[in-house]
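The primary structure of each chain is shown beneath.
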Amino acid sequence: MADAAGRLTKLAEEVLGTPLPVRIRAWDRSESGPPGAPVLVIRHRRALRRLLFKPGELGLARGWVAGDLDIEGDLYEALDLLAGLLWERAATTKAPRAAALRALARPELRAAARELLALAGAPVPPTPPAEEVRRRRGPLHTLRRDKEAISHHYDVGNDFYALVLGPSMVYSCAYWESPEASLEDAQRDKLDLICRKLALKEGQRLLDVGCGWGSMVLHAAREYGVRAVGITLSEEQATFARKRIAEAGLADRIEIRVQDYREIKDEPFDAISSIGMAEHVGRDRYAEYASALYALLRPGGRLLNHQIARRPLADEETYRVDDFIDRYVFPDGELAPVGRTVAQLEEAGFEVRDVEGIREHYALTLRQWVANLVKHWDEAARLTSPGRARVWRLYMAASALSFERNRIGVNQVLAVRTPDSGTSGVRLRERSWG
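Everything numeric in this text was worked out from a predicted model, so none of it was measured. (Residues numbered from 1 in each chain as written. Predicted model: local features only at pLDDT ≥ 70, side-chain atom pairs only at ≥ 80, totals over all residues. Heavy atoms only, no water.)

1. With respect to the overall build of the protein chain
Here comes step 1: Looking only at helices and strands, the protein chain features 17 helices and eleven strands.
Here comes step 2: What you see for the protein chain is a C-alpha radius of gyration of 23 Å, in line with the 22 Å of a compact globule of 434 residues.
Here comes step 3: Its C-alpha atoms put the protein chain at 75 × 45 × 45 Å along the principal axes.
Here comes step 4: Across the 434 residues that make up the protein chain, the buried fraction comes to 54%.
Here comes step 5: For the protein chain, contacts bridging at least 24 residues in sequence account for 73% of all contacts bridging at least 6.
Here comes step 6: A total accessible area of about 19,600 Å² is found for the protein chain, and carbon and sulfur atoms account for 52% of it. (Helix = DSSP H or I, 4+ residues; strand = E, 2+ residues; numbered from the N terminus. Rg over C-alpha atoms; globule rule 2.2 N^0.38 Å. Buried < 20%, exposed > 50% of the residue type's maximum accessible area, 1.4 Å probe, protein only. Contact = heavy atoms within 4.5 Å. Areas by Shrake-Rupley, 256 points an atom, 1.4 Å probe, with all protein chains shown as cover.)

This is the structure we're talking about:
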């Protein structure tokens, strides 16, 4: 088994058809690859078996979460080098990014496949890490299944999220005056921007769909004097938010409910904020979501929909959620192009008045979250599990690069339930927010 790293480098370059941009260090301590490059550390041959039994993203993810694979050096640089290689390959074919590994089935690469099998050892499929979502049953986006999906992501522990998010406890894209600003200031500025876009006034009634740990409703009630209802499907978030609200002396102005948006019956509201929640709705339910929010608003009321978007595909029927994200991060989550989101809001009856793309802001936010996680790594792993901490580090770092490279974006869409009179309530020069 001598020089496993050299043999793996040769195999990878044969399959990919290009030099490998990272070094490899194998379980036998051998190394191969360009000097000075980030090092892909293969701690155990089990990592290869994971790839053989689940070629592509899921096999790699299982190896990373289990600690069979690691990166030594700059994680962002390593991910950028590897993602760039795989994205370039995907751009020249109609195959998914896992095509490089599935290519081992081609007749001309059978010798490479046999070599990989020899390196992998016993042909037994490894057990997936405990952090992976197991088989799900029933139709997508029922009330029960959505609650289970939200629980998987958000009921990880409030103390864990406090380490990552910082004092703001806001789990969505911040709004940066400059890269040198603090995360807390950028999150406060984002919340205030949304309040100004919604034109909140004292005494109005605000609904925050997917309220998280209560930061938006707290800011709106404290700074703008509104009465607010925040809904979440996470019991842990609701408990934390209620405690914060009580400590702020605002329990008489803010109500937190564990409730689905489809269950709200006490409309109308003057304004609705939906911040980082619509990604969980799903494309088959999005029209229902848009119509439900439209029905909950009074005529003239405003919606601010803050939502991650993906790039459109030539054939939208080929869209599939990444295996890593679906199994480890956001079960059943789906992204849509911003154009489709705008169209569906309009189809529900809304008049869309403003769309602001802020993807660079999310890259800055995610890098801050990763830095917080790394700074508190031992405590984060203790509060959840080492595997869970590795999931969050990988997904946030990879997401930061995806925003930077324009593979995904995030947009704030301001829409109005404009009455039949056509009086939208939007000023002629409304875009005074900065």
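From this point, things continue past the structure.
2. What to know about the sheet that holds strand β5 (residues 205-209)
Here comes step 1: Ordered by their spatial adjacency, seven strands build an open sheet running β7-β6-β5-β8-β9-β11-β10, and the pairing between neighbours is mixed. The sheet is open, and its two borders are formed by β7 (254-258) and β10 (351-357), each paired with just one other strand. With direction set aside, neighbouring strand axes in the sheet form an average angle of 15°.
Here comes step 2: Both strand β6 (residues 227-232) and β7 contribute to a ladder of five bridges, which runs parallel. Following the sheet pairing, T232 is matched in β7 by V258.
Here comes step 3: Docked against the sheet, helix α14 (residues 338-347) engages β9 (297-310), β10 and β11 (408-416), running at close to 160° with respect to β10. (Pairing = 2+ DSSP bridges. Axes fitted to C-alpha atoms, helices over the stretch in contact; angles between N-to-C directions.)

3. Details of the side chain of T9
Here comes step 1: Mapping T9 onto the fold places it in helix α1 (residues 4-16).
Here comes step 2: Accessibility expressed as a relative area gives 7% for T9, which makes it buried.
Here comes step 3: Among the polar contacts listed, one links the side chain of T9 to the side chain of S32, at a separation of 3.2 Å.
Here comes step 4: Discounting residues that sit within four places of it in the chain, T9 has contacts with L20, I24 and S32. (Polar contact = N/O pair within 3.5 Å; in protein donor to acceptor, adjacent residues only side chain to side chain.)

4. Topic: the pattern of salt bridges
Here comes step 1: Taken as a whole and judged by the stated rule, the model has 31 salt bridges.
Here comes step 2: The partner of R222 in a salt bridge is E223, with the nearest N and O atoms 3.7 Å apart.
Here comes step 3: R222 sits in the partly exposed class, given a relative accessible area of 49%. (Salt bridge = Lys/Arg side-chain N within 4 Å of Asp/Glu carboxyl O.)

5. So, helix α3 (residues 57-66)
Here comes step 1: Counting buried positions along α3 yields seven of ten residues, so the element is predominantly enclosed.
Here comes step 2: Buried within α3 we find L58, G59, A61, R62, G63, W64 and V65.
Here comes step 3: G67 occupies a position one or two residues after α3 and carries a positive phi of about 85°.

6. Looking at the nonpolar core
Here comes step 1: Core analysis: the largest hydrophobic core is formed by 52 residues, its most contacted members being Y161, Y171, W369, W392 and M396.
Here comes step 2: With residues near it in sequence (within four places) discarded, Y171 still touches H153, Y154, Y161, L165, W213, F330, Y362, W369, W392 and Y395. (Core = buried A, V, L, I, M, F, W, Y, C linked by side-chain atoms within 4.5 Å.)

7. Let's talk about the packing of aromatic side chains
Here comes step 1: For the coordinates displayed, the defined rule picks out 15 aromatic pairs.
Here comes step 2: Here the aromatic rings of Y171 and W369 are separated by 5.3 Å at their centres, their planes lie at 50°, and the arrangement is tilted. Placement of Y171 in the loop between α8 (158-165) and α9 (183-197) and of W369 in helix α15 (residues 359-375) is noted, with a sequence separation of 198 residues between them.
Here comes step 3: Overall, the relative accessible area of 0% leaves W369 in the buried class.
Here comes step 4: Both rings, one in Y362 and one in W369, keep their centres 6.1 Å apart while their planes meet at 85°; by these two values the pair is edge-to-face. Across the pair, exposure class does not vary: Y362 and W369 are buried alike.
Here comes step 5: Taken together, the ring pairs in this structure connect F160, Y161, Y171, W213, F330, Y362, W369, W392, Y395 and F403 into an aromatic cluster. (Phe/Tyr/Trp six-rings, centres within 6.5 Å; stacked < 30°, edge-to-face > 60°.)

8. With respect to unusual backbone geometry
Here comes step 1: In the segment running from E267 into P268, the intervening peptide bond is cis, with an omega of 10°.
Here comes step 2: If you check the backbone angles, M169 has positive phi at about 50° while not being a glycine.
Here comes step 3: Along the chain, the position of M169 falls in the loop between α8 and α9.
Here comes step 4: The phi angle at A199 is positive, at roughly 55°, despite the residue not being glycine.
Here comes step 5: Turning to its location among the elements, A199 is positioned in the loop between α9 and β5.

9. So, the environment of R285
Here comes step 1: Structurally, R285 is set in the loop between β8 (269-275) and α12 (286-296).
Here comes step 2: The class of R285 is partly exposed, set by a relative accessible area of 25%.
Here comes step 3: With 145 residues separating them in the primary sequence, R285 and L140 have C-alpha atoms 9.0 Å apart.
Here comes step 4: When neighbours within four sequence positions are excluded, R285 is seen to be in contact with L140, H141, T142, Y261 and R262.
Here comes step 5: Here E288 takes part through its side chain, which lies 2.8 Å from a polar atom of the side chain of R285.

10. Things to note about the pairing of β9
Here comes step 1: With twelve of 14 residues buried, β9 lies mostly within the body of the structure.
Here comes step 2: In the sheet, β8 pairs with β9 via six bridges, with the strands oriented parallel. Residue A271 lies in a different strand from β9, and its bridge partner there is R302.
Here comes step 3: Taken together, β8, α12 and β9 constitute a β-α-β crossover, and its handedness is right-handed.
Here comes step 4: Note that β9 and β11 share nine bridges and pair antiparallel. In the sheet register, H306 faces β11, and the bridge partner there is Q412. (Right-handed = clockwise from strand over helix to strand, strands pointing away.)

11. Points about α9
Here comes step 1: An ideal rise of 1.5 Å per residue puts 21 Å on 15 residues; α9 measures up with 21 Å between its terminal C-alpha atoms.
Here comes step 2: The positive-phi residue at the C-terminal boundary of α9 is A199, with phi of around 55°. (Expected span 1.5 Å × (residues − 1).)

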